[in-house]
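# Observations on the model geometry
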Amino acid sequence: MQLKLDTAPWQSATKAVDGDGRHQAVGYWHETVQVAPGAPLSDKIQCDVAIVGGGFTGLSTAYHLKRQKPDLDVALIEAGVVGHGASGRNGGFVMPLLGWDLLYAVDKLGDKTARAAYRVMYDAVAHVKRMALEHNLDCDLEATGYLLLNTCGAREKRARREYGAAHRLGFDHQWLERDALAAYIRSDRFSSGVFDPHPCVINPAKLSRAMKQLVESLGVKVYEQTPLRALKDEKPALLHAGEGEIRAHQVMLAVNGYGEALGFMKSRVMPVHTFIVLTEPLTVKQLDSVGWSEKRASLESARNFIHYFRLTADNRILFGGEDAKLYFQGRYFDRDESVFEALKSRFREYFPLLKDVAFTHEWGGVLGVSLDMFPSFGATGKYGNLFYAGGYSGHGVALSNYAGALLAPMMLRAAGETHIPEFPDAPFFVGHRPAWLGFEPLRYMGVQAYRGLLHIQDIIEGA
Ligand SMILES: Cc1cc2nc3c(=O)[nH]c(=O)nc-3n(C[C@H](O)[C@H](O)[C@H](O)COP(=O)(O)OP(=O)(O)OC[C@H]3O[C@@H](n4cnc5c(N)ncnc54)[C@H](O)[C@@H]3O)c2cc1C
């Protein structure tokens with residue numbers, strides 16, 4: 001396998017670093033961290049493992065490799081700065097979702113496989129909490145739980161079936177009728193909900209930067225402003241990175257939604273975008289008016305094109321979703337004015353009492369989506385030494401932070417460290433290969449048609 005970077009998709013996105021060497025924030029979270037962009041790679045270096053991508057997947061892999069084998073020589077290269085991609089700009093929901101939802105996973109995989117995979121997802125959520133505590137990671141973690149809100153009869157019916165499946169599988173979800181909902185959130189639009197007490201929320205930019213510091217403290221060399229330009233599948237692998245070159249015995253491709261531009265998982269893991277609007281900080285009185293000041297649960301509306309909404313540490317409302325977009329020829333964008341407008345009008349529909357609240361920030365980003373919505377982990381290449389994890393399909397915060405726990409044992413054992421125990425009960429998505437969606441323009445047209453159908457279903461159901 002050879003990879004070569006196509007820079008065209010990147011041209012419509014904000015560069016991580018401006019001409020004066022300053023980090024360019026995309027959205028609110030980036031403004032909450034101080035980023036001094038690190039120096040790019042300019043030499044020829046050798047290492048045991050080269051990690052491509054400074055998001056949660058890459059950082060987690062670096063962390064677990066060094067924890068399990070402290071003398072391993074690990075280099076991480078990042079095209080922009082650590083956390084400039086999805087990991088530093090997401091909604092911050094740390095949740096166990098896999099696929100569309102639990103019911104979908106059960107339908108596709110059967111109870112046994114779905115239960116095992118969801119157990120891993122709950123472990124991933126617990127792992128984020130444990131890491132924050134163990135390493136004192138400054139990331140505004142808040143154990144809010146997660147409440148899925150039903151917006152119409154059809155969705156409520158599905159949610160009831162899902163609730164039944166969750167209990168059969170041993171998960172402790174709680175069904176809330178309209179009266180009980182009022183303790184969490186008040187809006188005429190929501191008729192009932194399902195509460196999962198385990199998820200939490202974080203500030204994603206803070207977590208990304210804290211993880212960078214942590215892996216550097218373990219001895220990982222991090223090169224920012226260093227895009228992988230080309231990879232040759234040799235033994236060891238040859239990476240042309242930034243102005244330098246790396247020879248690495250193993251490579252971890254942690255690029256998720258950005259893989260296409262490298263020719264990796266092209267048309268299998270697609271660069272789909274989701275967008276967010278953010279309000280000014282709300283007063284306690286304003287939050288009280290919608291019943292949100294006490295429990296502070298993170299919320300999602302049950303529909304094909306979900307809305308996800310939560311409070312930030314300074315009491316702003318982050319409101320995202322409404323649409324999900326794949327742009328022609330896989331281009332990357334940080335903004336989409338039509339989605340921002342639709343989000344704001346939906347916000348006012350859900351919360352008419354907050355109609356005068358001002359919006360201060362708008363942004364979006366690229367995530368990796370596969371046709372079946374399941375992630376993929378594994379090894380590839382002529383020598384089986386090119387590893388990958390991605391395709392989390394909108395729910396990657398927990399699993400990407402746990403990716404290294406699954407991958408590090410696999411990588412170390414492949415490198416001959418047979419005393420390292422395998423990850424127990426590897427979930428089905430290890431070795432899973434997503435379906436191929438075809439060439440442009442057919443892929444684009446197909447995805448647009450599918451997107452249209454999902455929107456029509458939401459409209460017909462009144463969701
Ligand atoms: C707006 C938004 C909201 C989201 N909200 C949530 C949420 O609330 N909860 C949830 O679970 N999930 C959410 N997600 C998804 C989640 O953020 C991702 O699944 C997760 O962060 C993926 O992490 P990653 O490390 O695999 O990818 P990324 O964070 O995208 O990291 C990949 C990195 O690779 C770098 N890169 C790409 N190409 C190259 C190259 N050629 N050379 C070097 N580096 C390269 C990129 O710059 C990037 O930093 C959201 C995503 C977005 C965009």
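Residues numbered from 1 in each chain as written. Predicted model: local features only at pLDDT ≥ 70, side-chain atom pairs only at ≥ 80, totals over all residues. Heavy atoms only, no water.

## Comments concerning the pattern of salt bridges
As a reminder, the rule being used: Each reported salt bridge corresponds to a side-chain nitrogen of Lys or Arg within 4 Å of a carboxyl oxygen of Asp or Glu. Note on conventions: DSSP H or I runs of at least 4 residues are helices, E runs of at least 2 residues are strands, and numbering of each starts at the N terminus. Only protein chains enter the calculation, and the probe is 1.4 Å; a residue is then buried if its accessible area is under 20% of its type maximum, exposed if over 50%, and partly exposed in between.
Scanning the model with the defined rule gives 34 salt bridges in all. Between glutamate 156 and arginine 160 there is a salt bridge, with the nearest N and O atoms lying 3.8 Å from each other. Of this pair, glutamate 156 and arginine 160 both sit in helix 5 (residues 153-168), four residues apart, which is roughly one turn of the helix. The class for glutamate 156 is buried, based on a relative accessible area of 19%. On the basis of relative accessibility, which here comes to 39%, the residue arginine 160 falls in the partly exposed class. A single salt-bridge network, built from bridges that share partners, covers Arg335, Glu337, Glu341, Lys344 and Glu362.

## Brief notes about helix 7 (residues 204-217)
Our working rule: One less than the number of residues in a helix, times 1.5 Å, gives the span that helix is expected to have. In what follows, a contact means two residues having at least one pair of non-hydrogen atoms within 4.5 Å. Polar contacts, as counted here, are pairs of nitrogen or oxygen atoms within 3.5 Å of one another; within protein the pair requires one atom able to donate a hydrogen and one able to accept it, and residues that are adjacent in sequence qualify only if both atoms are side-chain atoms.
Compared with an ideal rise of 1.5 Å per residue, which puts 14 residues at 20 Å, helix 7 spans 20 Å between its outermost C-alpha atoms and is within 8% of the ideal. A large share of helix 7 lies buried, amounting to 11 of its 14 residues. Taken together, the buried positions of helix 7 are occupied by Pro204, Ala205, Lys206, Leu207, Ser208, Arg209, Ala210, Met211, Lys212, Leu214 and Val215. Packed against the buried residues of helix 7 are helix 1 (28-31), helix 2 (56-68), helix 4 (111-134), strand 9 (221-223) and helix 10 (396-414). Where helix 7 starts, the residue carrying a side-chain oxygen 3.1 Å from the main-chain nitrogen of alanine 205 turns out to be asparagine 203. Trailing helix 7 by a residue or two, glycine 219 shows a phi angle of about 105°, which is positive.

## Some remarks on the packing of aromatic side chains
Just so we agree on the cut-off: The pairing test for Phe, Tyr and Trp rings, Trp by its six-membered ring, is centres within 6.5 Å, and the orientation test on the planes gives stacked under 30 degrees, edge-to-face over 60, and tilted for anything in between. Charge-over-ring placement is defined geometrically: NZ (Lys) or CZ (Arg) within 6 Å of the ring centre, and within 35 degrees of the ring normal.
This structure, assessed with the given rule, holds 32 aromatic pairs. Between the aromatic rings of tyrosine 28 and tryptophan 29, the centroid separation amounts to 5.4 Å while the plane-to-plane angle is 55°, which identifies the pairing as tilted. Residue tyrosine 28 is classed as buried on the basis of its relative accessible area of 9%. Owing to a relative accessible area of 2%, tryptophan 29 belongs among the buried residues under this scheme. Look at phenylalanine 374 and phenylalanine 428: their rings are 5.0 Å apart centre to centre, the planes differ by 80°, and that puts the pair in the edge-to-face class. Residue phenylalanine 374 is located in the loop between strand 18 (359-369) and strand 19 (376-380), and its partner phenylalanine 428 is located in the loop between helix 10 and helix 11 (442-461); the two are separated by 54 residues in the primary sequence. A network of ring pairs unites the aromatic residues Phe190, Trp292, Phe309, Phe319, Phe347, Tyr350, Phe351 and Phe359 as a single cluster. When the ring centre of tyrosine 184 is taken as reference, the NZ or CZ atom of lysine 295 above it lies at 5.1 Å.

## So, the site of the ligand
Under the convention used in this document: Put simply, a residue is near a molecule or strand once any heavy atom of it comes within 4 Å of that molecule or strand. Calculation of accessible area relied on Shrake-Rupley with a 1.4 Å probe; when residues are assessed, cover is drawn exclusively from the protein chains displayed. Put simply, Ala, Val, Leu, Ile, Met, Phe, Trp, Tyr, Cys and Pro go in the nonpolar bin, Asp, Glu, Lys and Arg in the charged bin, and everything else, Gly too, in the polar bin.
Around the ligand, 39 residues are found, and the nearest of them are Thr57, Glu78, Ser87, Leu228 and Val397. Serine 87 places a side-chain nitrogen or oxygen 2.5 Å from an oxygen atom of the ligand. Measuring from an oxygen atom of the ligand, one finds a backbone N or O atom of valine 397 at 2.8 Å. Surface burial for the ligand is 98%, taken as the share of its 1000 Å² of free accessible area covered by protein chains. Those elements giving two or more residues to the shell around the ligand turn out to be helix 2, strand 13 (270-279), strand 18 and helix 10. Looking at side-chain class alone, the shell around the ligand contains 20 nonpolar, 17 polar and two charged residues.

## Overview of the packing of helix 3 (residues 102-109) against helix 4
We apply this condition: Axis lines are fitted to C-alpha atoms, over the contacting stretch for helices. Their N-to-C directions set the angle, which ranges from 0 to 180 degrees. Orientation is classified from the angle alone, with under 35 degrees giving roughly parallel, over 145 giving roughly antiparallel, 65 to 115 giving roughly perpendicular, and any other angle giving oblique. Throughout, a crossing is termed right-handed when the near helix is turned clockwise from the far one, and left-handed when it is turned anticlockwise from it by less than a right angle.
Packing of helix 3 against helix 4 leaves a shortest axis separation of 7 Å and a crossing angle of 135°. Of the possible angle classes, the one that applies to helix 3 and helix 4 is oblique. For the pair helix 3 and helix 4, the sense of crossing is right-handed. Of helix 4, the residues touching helix 3 (which contributes Leu102, Ala105, Val106 and Leu109) are Asp111, Thr113, Ala114 and Tyr118. Grouping the amino acids of the contact of helix 3 with helix 4 by side-chain chemistry returns six nonpolar, one polar and one charged.

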